[in-house]
Amino acid sequence: MTHTATKIFVSGLEVQASIGVYPHERESTQAIIIDIEVDMGAVPTPKNDLLAETFDYSLIADKAQKIAHETHVQLVETLASRIAKWAIAEDKRVQSCTVRIAKPHALLKTDTAGCQITLYRHG
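As the structure is a prediction and not an experimental result, all values here were calculated from the model. (Residues numbered from 1 in each chain as written. Predicted model: local features only at pLDDT ≥ 70, side-chain atom pairs only at ≥ 80, totals over all residues. Heavy atoms only, no water.)

Asker: Mind showing me how you'd approach the sheet that holds strand β4 (residues 113–120) here?
Answerer: Either a parallel or an antiparallel arrangement is found when strands of a sheet pair, and the pairing is made through backbone hydrogen bonds. Taken together, the four strands give an open sheet; going across it, the order is β1-β2-β3-β4, and neighbouring strands pair in antiparallel fashion. The sheet is open, and its two edges are formed by β1 (6–17) and β4, each paired on a single side. Between one strand axis and the next, the sheet turns by 15° as a mean value, whatever way the strands run. Here strand β2 (residues 30–41) pairs with strand β3 (residues 96–103) via seven bridges, running antiparallel. Looking across to β3, one finds that Glu37 is bridged to Thr98. (Pairing = 2+ DSSP bridges. Helix = DSSP H or I, 4+ residues; strand = E, 2+ residues; numbered from the N terminus. Axes fitted to C-alpha atoms, helices over the stretch in contact; angles between N-to-C directions.)

Asker: How should I be thinking about helix α3 (residues 76–90) in this particular structure?
Answerer: An α-helical turn contains 3.6 residues, so a residue and the one three or four places further along point in the same direction. For α3, with 15 residues, the first-to-last C-alpha span of 21 Å sits near the 21 Å given by 1.5 Å per residue. Looking at α3, one finds that the buried residues are Val76, Leu79, Ala80, Ile83, Ala84, Trp86, Ala87 and Ile88. Contacts from the buried residues of α3 go to β2, α2 (57–70), β3 and β4. (Expected span 1.5 Å × (residues − 1). Buried < 20%, exposed > 50% of the residue type's maximum accessible area, 1.4 Å probe, protein only. Contact = heavy atoms within 4.5 Å.)

Asker: I tried to follow the layout of surface pockets on my own but got confused; where do I start?
Answerer: Over the atoms rolls a probe the size of a water molecule, and in doing so it shows where empty space is left. Of the pockets and cavities examined, the largest pocket occupies roughly 360 Å³. Gly20, Tyr22, Glu25, Lys103 and Ala106 are the residues nearest the centre of the largest pocket, which is lined by 18 residues in total. Breaking the lining of the largest pocket down by element, the ones donating at least two residues are α1 (23–27), α3 and β4. Grouping the constituent residues of the lining of the largest pocket by class yields seven nonpolar, eight polar and three charged. (1 Å grid on protein atoms, 1.4 Å probe; cavity = no way out; pocket = protein on both sides within 12 Å on 5 of 7 lines; lining within 4 Å. Points joined across faces, edges and corners; volume = space filled by probe spheres on them. Nonpolar A, V, L, I, M, F, W, Y, C, P; charged D, E, K, R; others polar.)

Asker: In this structure, what is going on with unusual backbone geometry? I would like to understand it.
Answerer: Glycine aside, residues mostly have negative phi angles, and peptide bonds mostly take the trans form. Although it is not a glycine, Asp49 sits at a positive phi angle of roughly 60°. Here Asp49 lies in the loop between β2 and α2. Positive phi, close to 65°, is recorded for Lys109, a residue that is not glycine. A relative accessible area of 88% means that Lys109 is categorised as exposed.

Asker: What is the right way to look at the pattern of salt bridges in this model?
Answerer: Close approach of charged atoms allows side chains of opposite charge to pair. In the structure shown here, the tally under the stated rule is three salt bridges. Salt-bridge contacts for Glu25 lead to Lys103; the nearest nitrogen and oxygen are separated by 3.0 Å. Of this pair, Glu25 sits in helix α1 while Lys103 sits in strand β3, placing them 78 residues apart in sequence. Between Arg93 and Asp91 there is a salt bridge; the shortest N-O distance is 2.6 Å. On the accessibility criterion, Asp91 (10% relative accessible area) is buried. (Salt bridge = Lys/Arg side-chain N within 4 Å of Asp/Glu carboxyl O.)

Asker: Would you mind showing me how to read the packing of aromatic side chains here?
Answerer: Here the distance between the centres and the angle between the planes together describe a pair of aromatic rings. Overall, the coordinates contain one aromatic pair when judged by the stated rule. With centroids separated by 5.8 Å and ring planes inclined at 40°, the aromatic side chains of Phe55 and Trp86 adopt a geometry described as tilted. Within this pair, whereas Phe55 is found in the loop between β2 and α2, its partner Trp86 is found in helix α3, the two being separated by 31 residues in sequence. (Phe/Tyr/Trp six-rings, centres within 6.5 Å; stacked < 30°, edge-to-face > 60°.)

Quick look at the structure:
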């Protein structure tokens, strides 16, 4: 007997977003990089080779971008949480969602800074 664990991911989604706590960050958008991993748990391998048998990563990327564009947020943690909450609510098969958001220009002398949040389905 085999056991399958499926994770769907979107990596390196670059979005221009209004994000940050400082006044200059409210005046214009800045690049952020979003990585999303959706743990589908032990869902069966698609039998009919149909998109409905999985969670469409195109939908995940589109929705993450829309959430990032909805309104100014101060914290990357807030945006990451909103994306993860959407994924959990969108598909009952999702067991957890990890969202990592990086701000490439947040700190001098670093490649990037940001956060990673994992939200788990309860029950």
